[in-house]
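Results of the structural survey
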Amino acid sequence: MIGRLNHVAIAVPDLEAAAAQYSGALGAKVGAVQDEPEHGVRVIFIELPNTKIELLHPLGEGSPIAGFLEKNPSGGIHHICYEVDDILAARDRLQAEGARVLGSGEPKIGAHGKPVLFLHPKDFTGTLIELEQA
Ligand code: CO
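Per chain, the residues get numbers from 1 upward, laid out in the order the sequence is written. Per-residue local features are limited, in this predicted model, to residues with pLDDT of at least 70; the limit for side-chain atom pairs, both in listing and counting, is 80 or more; totals at the level of whole chains, interfaces and linings are taken over all residues. Side-chain numbers here rest on the full set of heavy atoms in the structure, without hydrogens or water.

So, the overall build of the protein chain
The helix and strand tally for the protein chain stands at three helices and eight strands. Note on conventions: DSSP H or I runs of at least 4 residues are helices, E runs of at least 2 residues are strands, and numbering of each starts at the N terminus. Element order for the protein chain, N to C, with α for helix and β for strand: β-α-β-β-β-α-β-α-β-β-β. When the backbone C-alpha atoms are referred to their principal axes, the protein chain occupies close to 45 × 30 × 25 Å. A burial count over the protein chain gives 41% of its 134 residues as buried. Buried residues are those whose accessible area, probed at 1.4 Å on protein chains only, stays under 20% of the maximum for their type, while exposed residues exceed 50% and partly exposed ones sit between those limits.

Structure below.
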């Protein structure tokens, strides 16, 4: 069911410093800062030849990234995103398999303007999984 790896998201304490490291030391193509108030994050996407890296920083009160950065003050891998063809079919199948979908269970529009859902990390070997309808 799952398709390509769309991105790996890394929570970072300093977005500009992390972006500068990727563009400088790693020589990557780094995009512009995007605010996503609905998700409580500020993001920068880095384009790699075969996938993307999403640098994440908290935005506003109650950001879902804030607690993660408290536990991981120097940053760390926060989630991975897989593409699916049909996000509602994927959700129904996963729920039938006993997986927990976070939030209301209804897809939200993600950073690429496409519907996304998150799956509980305890159901997936300790990894927060984002599904994006490609
Ligand atoms: Co993501």
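Here the narrative resumes, following the displayed structure.
Some words on the coordination of the cobalt ion
Note on donors: an N, O or S atom is included if it sits within 2.8 Å of the metal, or within 3.2 Å for Na, K and Ca, and water is never included, so sites can look incomplete. For the cobalt ion, the full set of protein donor atoms is His7 (NE2), Glu54 (OE), His79 (NE2) and Glu130 (OE), at a range of 2.0 to 2.4 Å. Think of it this way: with four donors and all angles in the 85 to 135 degree range, the site is tetrahedral; with four or six donors, opposite ones beyond 155 degrees and the rest between 65 and 115, it is square planar or octahedral; otherwise it is irregular. Each of the four donor atoms around the cobalt ion contributes to a set of angles spanning 83 to 171°, which defines the coordination as irregular. The sequence pattern formed by the donor residues of the cobalt ion is H-x46-E-x24-H-x50-E. Of the two residues, His7 sits in strand 1 (residues 5-11) while His79 sits in strand 5 (residues 76-84), which places them 72 residues apart along the sequence. A relative accessible area of 0% places His7 in the buried class.

Structural notes on helix 3 (residues 87-96)
Among the residues of helix 3, those classed as buried are Ile87, Ala90, Arg91 and Leu94. Along the axis of helix 3, the buried residues cluster in a sector spanning 100°; they form a single face. The elements touched by buried residues of helix 3 are strand 5, strand 7 (115-119) and strand 8 (129-133). Structurally, the start of helix 3 carries an N-cap: the backbone nitrogen of Leu88 is 3.1 Å from a side-chain oxygen of Asp86. With its phi angle positive at about 95°, Gly98 sits one or two positions after the end of helix 3. Taken from the helix axis, the directions to the C-beta atoms give the arc we talk about. Working rule for contacts: check all heavy atoms of both residues, and any pair within 4.5 Å makes them a contact. By the criterion applied in these results, polar contacts are pairs of N or O atoms within 3.5 Å in which, for protein atoms, one can donate a hydrogen and the other can accept it, and in which residues neighboring in sequence qualify only through two side-chain atoms.

Limitation: the analysis is restricted to geometry and does not speak to function.
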